Amino acid sequence: MKKTFTALAAAAFAVVGVVAPAHAEGERYVLVSHAPDSDSWWNTIKNGVALAGEQMGVEVEYRNPPTGDLADMARIIEQAAASGPDGIITTLADYDVLSGPISDAISSGVDVIIINSGSPDQARELGALMYVGQPEYDAGFAAGQRAAGDGIGSFLCVNHYINSPSSTERCQGFADGLGVELGNQMIDSGQDPAEIKNKVLAYLSANPETEAVLTLGPTSADPTILALEENGMAGDIYFGTFDLGEEIVKGLKSGVINWGIDQQPFLQAYLPVIVLANYHRYGVLPGNNINSGPGFVTADGLTKVEEFAGEYR
């Protein structure tokens, strides 16, 4: 991969008669996420940034707030910028909390790429190089339209990270795709598995007319699977989820989960390192933001997903 990108970049400069700058390996990039330590979904992000760093010959670091506290994340971005990296790759889970530290990093001369959360418009407004990720509202809307086509009219959205606007956008998009009000169909489940399970059971008991469940990732999907197994609704209630993981793949295979939305987190971490390294070495930069999702995964398309779930998928 490294040789391929190097050769392509060198060829591009040769074609226009421009001498490429010296090949200067040893760049250092820091990826800052909003994820708590307990969220295993982000292991794929860690794998993506590590592999890209190895292939491009650059130093990469992964940093995050252990509990998912966004004020803590803001401080981590400030600390990362103060350490003088060549680039920062960061999520934008809450614009109001994180835009200041990100803008300050950019003003100090650090190149920034926004990934995973936030939007291309917000990345542009802050002066970031680009955005790599899944437009969350659009993904939720597409999921809602798919569910509507399957005859769904009511649902429960299990939001395990409700203080992140991006998570709420998924639930709101789903409601809009169905053509219904979100209202109280979204619950703040928290991140404790036992608490999530109990809240799902309580909601479905109090709202027996609920036709579908939407979860936002393994953190909420895995306990929801257990809840549905306990109340006898597993395989009977319509079940869609964002993101992938080992238990989600099992649920897809068994028919408990109808579909999963893959935003390809590996690419969200991998591509920014590739882009930054080539930008710093050769001055080349893609002209557009990169949408890594959404893509719907069903039981019929699980071969590669099952093989690499939790690692690269």
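Note that the coordinates shown come from a computational prediction; the quantities given were computed from them, not determined experimentally.

It is not clear to me how helix α9 (residues 218–231) should be interpreted in this structure. Could you clarify?
Because the α-helix completes a turn every 3.6 residues, residues three or four places apart line up on one side. With 14 residues, α9 should cover 20 Å at 1.5 Å per step; its first-to-last C-alpha distance of 20 Å lies within 8% of that length. Turning to α9, its buried residues are Pro 218, Thr 219, Ser 220, Ala 221, Pro 223, Thr 224, Ile 225, Ala 227 and Leu 228. On its buried face, α9 is in contact with β6 (156–159), α8 (193–206), β8 (212–215), β9 (238–242) and α10 (246–254).

How do you make sense of the state of the cysteines when you look at a structure like this?
Simply put, the disulfide is a covalent bond whose two ends are the sulfur atoms of two cysteines. Going through the model one piece at a time under the given rule, you end up with one disulfide. Paired through a disulfide, Cys 157 and Cys 171 show a sulfur-sulfur distance of 2.0 Å. Measuring the twist about the S-S bond at about -50°, one finds the Cys 157-Cys 171 disulfide to be left-handed. One end of the pair, Cys 157, is in strand β6; the other, Cys 171, is in helix α7 (residues 165–178), and 14 residues separate them in sequence. Relative accessible area serves as the criterion here: at 0%, Cys 171 is assigned to the buried category.

What's the story with the confidence of the model for the protein chain in this structure? I'm lost.
Detailed reading of the predicted coordinates is not advisable wherever pLDDT falls low. Within the protein chain, residue pLDDT values average 91, and 92% of them lie at 70 or more. Here residues 1–23 is a poorly scored stretch, pLDDT under 50, and it has 24 contacts once near neighbours within four places are set aside; other chains count.

Explanation requested: the domain arrangement of the protein chain in the structure shown.
For interface size, the figure often reported is the accessible area lost on association. Each assigned domain of the protein chain is listed here: domain 1 (28–134 + 265–292) and domain 2 (136–262). Computed from C-alpha coordinates alone, the two centres of domain 1 and domain 2 are separated by 28 Å. In this assembly, 16 residues from domain 1 lie in contact with 17 residues from domain 2. With both sides pooled, the region where domain 1 packs onto domain 2 buries about 1100 Å², and carbon together with sulfur makes up 38% of that total. Along the contact surface separating domain 1 from domain 2 lie zero salt bridges.

Please clarify how the environment of Gly 109 should be interpreted in this entry.
In this structure, Gly 109 sits in the loop between α4 (95–107) and β4 (111–115). Distance from Gly 109 to Ile 76, taken between C-alpha atoms, is 17 Å for residues 33 residues apart in sequence.

Here is what the cut-offs are and how they apply
Residues numbered from 1 in each chain as written. Predicted model: local features only at pLDDT ≥ 70, side-chain atom pairs only at ≥ 80, totals over all residues. Heavy atoms only, no water. Helix = DSSP H or I, 4+ residues; strand = E, 2+ residues; numbered from the N terminus. Expected span 1.5 Å × (residues − 1). Buried < 20%, exposed > 50% of the residue type's maximum accessible area, 1.4 Å probe, protein only. Contact = heavy atoms within 4.5 Å. Disulfide = S-S within 2.5 Å. pLDDT = per-residue confidence, 0-100. Domains from an automatic or database assignment. Buried area = accessible area lost by both parts, 1.4 Å probe. Salt bridge = Lys/Arg side-chain N within 4 Å of Asp/Glu carboxyl O.

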